[in-house]
Amino acid sequence: MRQDIDMRTILNEAAKSGLLLGLFTGVFIYVAMLIGMINSDSFGAKLMITVVNALLWMLKLVGCLWLLRFFMLRFAVANPTLTPRSSFRFGMFTALFSAIIVAGIGLVNITLIAPESMQSAIEAAMQSYSSALSASDQVTLERMLSRLPQISFFSSLVYCFLFGTVAAKIFSASIPQRDIFGEPTDSNEE
């Protein structure tokens, strides 16, 4: 019969895996930012930038899923008494720690490295909506846009955590491998 792994062990290993997963994703944030700095007026260059960004997004998505599964499998190999519940917890905490890293990298990017891109986005939004909004609506919009870094941080944190948690739930159904010819298992393992 399998037994649950100690929560401290799960958290410790998940923090290490989450750091690596978050840094992997952070690299893509900065590569996309560098590609976005390429200024060209030609249609071909704009098309190429769009295609490269789409390919980078796909590579990031597949890479994140692959890395999460890899870390979960590695944790299962290192802990032979792992239950599917503990496997899910490990994946969920890996997603949480990774989400914190990714949201932090995005916040640093918006506030310190490229604040001019955020400011230009705010100005563009204000110009496009200023004619359709009343004065009180414009003030409300300005207040909301001034909190854009915080909104971006928390929305990224929630999105990455939920995405990773769903992936961890899916992956944990088959981690650890089940022996269909082995002893009957306790129904509490699920």
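Here is what the cut-offs are and how they apply
Residues numbered from 1 in each chain as written. Predicted model: local features only at pLDDT ≥ 70, side-chain atom pairs only at ≥ 80, totals over all residues. Heavy atoms only, no water. Helix = DSSP H or I, 4+ residues; strand = E, 2+ residues; numbered from the N terminus. Contact = heavy atoms within 4.5 Å. Patch = residues over 30% accessible without salt bridge, like charges linked within 9 Å, V, L, I, M, F, W, Y side chains within 5 Å. Areas by Shrake-Rupley, 256 points an atom, 1.4 Å probe, with all protein chains shown as cover. Salt bridge = Lys/Arg side-chain N within 4 Å of Asp/Glu carboxyl O. Buried < 20%, exposed > 50% of the residue type's maximum accessible area, 1.4 Å probe, protein only. Axes fitted to C-alpha atoms, helices over the stretch in contact; angles between N-to-C directions. Parallel < 35°, antiparallel > 145°, perpendicular 65-115°, else oblique. Left-handed = near helix turned anticlockwise from the far one by under 90°. Nonpolar A, V, L, I, M, F, W, Y, C, P; charged D, E, K, R; others polar. Phe/Tyr/Trp six-rings, centres within 6.5 Å; stacked < 30°, edge-to-face > 60°. Core = buried A, V, L, I, M, F, W, Y, C linked by side-chain atoms within 4.5 Å. Disulfide = S-S within 2.5 Å. Polar contact = N/O pair within 3.5 Å; in protein donor to acceptor, adjacent residues only side chain to side chain.

### Some words on the side chain of serine 87
(1) Moving on: With respect to the element layout, serine 87 can be found in helix α3 (residues 84-113).
(2) Moving on: Ignoring anything within four residues of it in the chain, the contact list for serine 87 reads Met72, Leu82, Ser172 and Ile175.

### Quick notes on the side chain of threonine 94
(1) Moving on: As for its position among the elements, threonine 94 is in helix α3.
(2) Moving on: When sequence neighbours within four positions are dropped, the list of residues in contact with threonine 94 reads Ala14, Ser17, Gly18, Leu21 and Leu68.

### Some points on a nonpolar patch on the surface
(1) Moving on: A cluster of nonpolar side chains, Phe43, Leu47, Val51 and Leu55, forms an exposed patch at the surface whose accessible area comes to about 430 Å².
(2) Moving on: Tracing the sequence through the fold places phenylalanine 43 in helix α2 (residues 43-78).
(3) Moving on: The class for phenylalanine 43 is exposed, based on a relative accessible area of 67%.

### Observations concerning the environment of alanine 121
(1) Moving on: Structurally, alanine 121 is set in helix α4 (residues 115-129).
(2) Moving on: We classify alanine 121 as partly exposed; its relative accessible area is 43%.
(3) Moving on: Sequence separation of alanine 121 and leucine 145 is 24 residues, and the distance between their C-alpha atoms is 9.5 Å.

### A closer look at the packing of α4 against helix α5 (residues 135-146)
(1) Moving on: As a packed pair, α4 and α5 sit with axes 11 Å apart at the nearest point and diverge in direction by 165 degrees. Considered as vectors, α4 and α5 are oriented roughly antiparallel to each other. As α4 runs across α5, the sense of the crossing is right-handed. Seen from α4, the contacting residues are Ile122, Ala125, Met126 and Tyr129; seen from α5, they are Gln138, Leu141, Glu142 and Leu145.
(2) Moving on: Grouping the constituent residues of the contact of α4 with α5 by class yields 6 nonpolar, 1 polar and 1 charged.

### A closer look at the packing of aromatic side chains
(1) Moving on: One pass over the structure, following the stated rule, counts 6 aromatic pairs.
(2) Moving on: Taking the centre distance of 5.4 Å and the plane angle of 10 degrees together, the rings of tryptophan 66 and phenylalanine 70 count as stacked. Of the two residues, tryptophan 66 and phenylalanine 70 are both situated in helix α2; the distance of 4 residues between them amounts to about one turn of the helix.
(3) Moving on: Taken together, Trp66, Phe70 and Phe71 form an aromatic cluster joined through their ring pairs.

### Notes on the nonpolar core
(1) Moving on: Of all hydrophobic cores here, the largest spans 19 residues; its most connected members are Leu68, Met72 and Phe90.
(2) Moving on: Listing elements by their share of this core, those giving two or more residues are α1 (7-36), α2, α3 and α6 (148-172).
(3) Moving on: Considering each element in turn, this core owes the most residues, 7 residues, to α2.
(4) Moving on: Leaving out residues up to four positions away in the same chain, phenylalanine 90 has contacts with Ile10, Glu13, Ala14, Ser17, Phe71, Met72 and Phe75.
(5) Moving on: Grouped together as the second largest cluster of nonpolar side chains are 7 residues, Met118, Ile122, Ala125 and Met126 included.

### Considerations on the state of the cysteines
(1) Moving on: Overall, the coordinates contain 0 disulfides when judged by the stated rule.
(2) Moving on: Free cysteine: cysteine 64, not disulfide-bonded; nearest cysteine sulfur from cysteine 160 at 7.8 Å.
(3) Moving on: For cysteine 64, a relative accessible area of 15% translates into the label buried.
(4) Moving on: Residue cysteine 160 is classed as partly exposed on the basis of its relative accessible area, which comes to 21%.

### Structural notes on the environment of serine 87
(1) Moving on: The exposure class assigned to serine 87 is buried, which follows from its relative accessible area of 1%.
(2) Moving on: With 86 residues separating them in the primary sequence, serine 87 and alanine 173 have C-alpha atoms 8.6 Å apart.
(3) Moving on: One polar contact links the side chain of serine 87 to the main-chain carbonyl oxygen of isoleucine 175, over a distance of 3.1 Å.

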